[in-house]
Each structure stands twice: as structure tokens, then as C-alpha cells.
Amino acid sequence: MFGRLVAAMGLVAGVAAAGACHAADLNVLVRDKSGRPVRDAVILIDVPGAAAPRPQGAYSVVQQNMKFAPFVLIAPVGAEVSFPNRDTVRHHVYSFSPTKPFELKLYGSEQAARTVRFDKAGVVALGCNIHDSMVAFIRVVGTPFAAKTDAAGQARLTGMNAGAANLKIWHPYLKAPGNEIVRPVALGPNAASLTVDVDMRAAPDRSGAY
């Protein structure tokens, strides 16, 4: 149920000597139990003592074609995320998630994009009070080492220090407590690759929702 971890190249390429500082890169491939790539999985490395990331650039979840895009957004703690409406209909964005409950009342494309600041790490599930088919997620992170898998199920983390760390994989449809698995890893001074096979739930059928 928690998936199995399979090292594609040997995860441990060498352990750094005490006090040494080496840059470690990690390539991660996430697959379901049938071997198909898992898209939009968030990969995190918690490194003790690593400085929290500072928000850089713009973060947004767009409402367009009756959908949120992206389906999963990674944003650092403290980031302000805008919610522009590019549809011809109005939307009402909300979240009941303990990480950040909020409500953006009905607004249209002719109005300025609403903005919300996310000040705590965790998962924020988004919905539209008018259109039940619209669902998305924001993973607010307090680590500088976070990435999202692409259509091929791949993500790359760079610049970690060699040594012990915790690898976390989260996806809204992953079969695990909190939709997340955690594994201890030992990062070596050289790039390594890791394949993770996980059990996934089928995405809810929202095609008939309005």
C-alpha cells in the first residue's frame, strides 16, 4: 500500500565525511503499480538545518476552460498566489483545508485577479463553489528542495548536501496516510536516480459535475 522503493542506480553514491559539504542531485521517477508514470507528484527532501525558501517570481492558479491550472502547484511558505479568471463565467474559489481556509467570492474575468498569501506549510485543496468539477491543489513547502513530476513521471532535485535526509512523495490520489509516503535516504556527492512505485487511487469522475 505504501509502494516500494527501487533504486535504479544505487541511491548511495558515497557518504560525505563529517563536516564536508558536497552538492547532491537526485532524479526521481514515480510510477503506479502498473508501471505507468505518475504526473503531478510532489517530491520533497527535508534536510535538517536547510534554510526555508523565499518566494520568488509569480505564483498563480488560473481558472480557464472550467478548470484550474495547474492541477498541482508548489509554492513556498509566504508566497502570494493569484487566481485569475479567464473564463467567460464567474467563479467562486474556496478551500476548507486547515493549512489555509479561504474564500474568494464570485468574480469574473473583467475583475482583477484575487490573491491569497499562504503562510503555513501543508496541502491546500481548492474548489469552485459554482462548478463542482473544478479541483486543484497547492502544496505549500518549507524546504528549498521540492519539485513536481512531469508527464513522464520524472522530477529532479538539485543542490542538496550529501548525507541523511527524508524523501517525501505526495499526490492527492496516492494510497497512503495523508496521501504521502516518507522514506529515509542517504544522499551521496554524485547524482543518483531513484524509481518509486506507488499505489494510486483512480481520479474521481467529475465529467458530469457542473
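As the structure is a prediction and not an experimental result, all values here were calculated from the model.

1. Concerning the environment of Asp-32
By the secondary structure assignment, Asp-32 is in strand S2 (residues 23-32). Distance from Asp-32 to Met-200, taken between C-alpha atoms, is 6.3 Å for residues 168 residues apart in sequence.

2. Observations concerning the environment of Tyr-59
Within the secondary structure layout, Tyr-59 lies in strand S4 (residues 59-60). A relative accessible area of 14% places Tyr-59 in the buried class. Measuring from C-alpha to C-alpha, the distance between Tyr-59 and Glu-80 comes to 6.7 Å, with 21 residues separating the pair along the chain. For Tyr-59, the contacting residues outside a window of four places in its chain are Leu-73, Ile-74, Ala-75, Pro-76, Ala-79, Glu-80, Val-81 and Ser-82.

3. Quick look at the sheet that holds strand S14 (residues 146-148)
The strands that make up a sheet pair up through hydrogen bonds in the backbone, lying either parallel or antiparallel. In space, the 4 strands of this open sheet follow the order S14-S3-S16-S17, with antiparallel pairing throughout. The open sheet has two edge strands, S14 and strand S17 (180-187), and neither has a second partner. This sheet shows a mean twist of 20° between the axes of neighbouring strands, independent of strand direction.

4. Structural notes on the nonpolar core
With 28 residues, the main nonpolar core has Leu-26, Val-30, Ile-43, Ile-45, Met-160, Ile-169 and Val-198 as its most contacted residues. For this core, the elements supplying multiple residues, two or more each, are S2, strand S3 (42-46), strand S15 (154-161), strand S16 (163-170), S17 and strand S18 (192-198).

5. A few points about the side chain of His-91
With respect to the secondary-structure elements, His-91 resides in strand S9 (residues 91-95). Here Asp-87 takes part through its side chain, which lies 2.8 Å from a polar atom of the side chain of His-91.

6. Concerning the packing of aromatic side chains
Across all of its chains, the model carries 6 aromatic pairs by this definition. Considering the side-chain rings of Tyr-94 and Phe-96, the 5.0 Å spacing of their centres and the 50° angle between planes classify their relative orientation as tilted. Residue class for Tyr-94 comes out partly exposed when judged on its relative accessible area of 23%. According to the relative accessible area criterion, Phe-96 is exposed, its value standing at 72%. Note on Phe-137 and Trp-170: the rings are 6.0 Å apart at their centroids and 65° apart in plane angle, and the pair reads as edge-to-face. Within this pair, whereas Phe-137 is found in strand S13 (residues 135-141), its partner Trp-170 is found in strand S16, the two being separated by 33 residues in sequence. Comparing Phe-137 with Trp-170, the two get one shared label, buried.

7. Notes on the sheet that holds strand S12 (residues 122-128)
An order of S7-S13-S12-S9-S10 is seen for the 5 strands of this open sheet, with the pairing classed as mixed. Two strands in the sheet have a free side with no partner beyond their single neighbour: strand S7 (72-76) and strand S10 (102-107). Averaged over all pairs of adjacent strands, the angle between their axes in this sheet comes to 20°, without regard to strand direction. Two elements, S9 and S10, share 4 bridges in a ladder whose sense is antiparallel. Residue His-91 lies in a different strand from S10, and its bridge partner there is Tyr-107.

8. Considerations on the pattern of salt bridges
When the charged atoms of two side chains lie near each other, side chains of opposite charge can form a pair. In total, this model carries 7 salt bridges according to the counting rule given. For Asp-32, the salt bridge is made with Arg-36, and the minimal N-O distance between the two is 2.9 Å. Given a relative accessible area of 52%, Arg-36 falls into the exposed group. One salt bridge connects Glu-110 with Arg-90, and the closest N-O pair in it is separated by 3.7 Å. Of this pair, Glu-110 sits in the loop between S10 and strand S11 (114-118) while Arg-90 is found in the loop between strand S8 (79-83) and S9, placing the two residues 20 residues apart along the sequence. Given the relative accessible area of 45%, Arg-90 is considered partly exposed.

9. Some points on the confidence of the model for the protein chain
On average, residues of the protein chain score 85 in pLDDT, and 86% of them reach the 70 mark or higher. In the model, residues 1-21 has pLDDT below 50 throughout and makes 40 contacts with residues more than four positions away in sequence or in other chains.

10. As for the environment of Phe-137
By relative accessible area, which is 13% here, Phe-137 ends up buried. Sequence separation of Phe-137 and Val-61 is 76 residues, and the distance between their C-alpha atoms is 9.3 Å. The residues touching Phe-137, leaving out its near neighbours within four places in the chain, are Phe-71, Val-72, Leu-73, Val-123, Val-124, Ala-125, Trp-170 and Pro-172.

The rules behind these values
- Residues numbered from 1 in each chain as written.
- Predicted model: local features only at pLDDT ≥ 70, side-chain atom pairs only at ≥ 80, totals over all residues.
- Heavy atoms only, no water.
- Helix = DSSP H or I, 4+ residues; strand = E, 2+ residues; numbered from the N terminus.
- Buried < 20%, exposed > 50% of the residue type's maximum accessible area, 1.4 Å probe, protein only.
- Contact = heavy atoms within 4.5 Å.
- Pairing = 2+ DSSP bridges.
- Axes fitted to C-alpha atoms, helices over the stretch in contact; angles between N-to-C directions.
- Core = buried A, V, L, I, M, F, W, Y, C linked by side-chain atoms within 4.5 Å.
- Polar contact = N/O pair within 3.5 Å; in protein donor to acceptor, adjacent residues only side chain to side chain.
- Phe/Tyr/Trp six-rings, centres within 6.5 Å; stacked < 30°, edge-to-face > 60°.
- Salt bridge = Lys/Arg side-chain N within 4 Å of Asp/Glu carboxyl O.
- pLDDT = per-residue confidence, 0-100.

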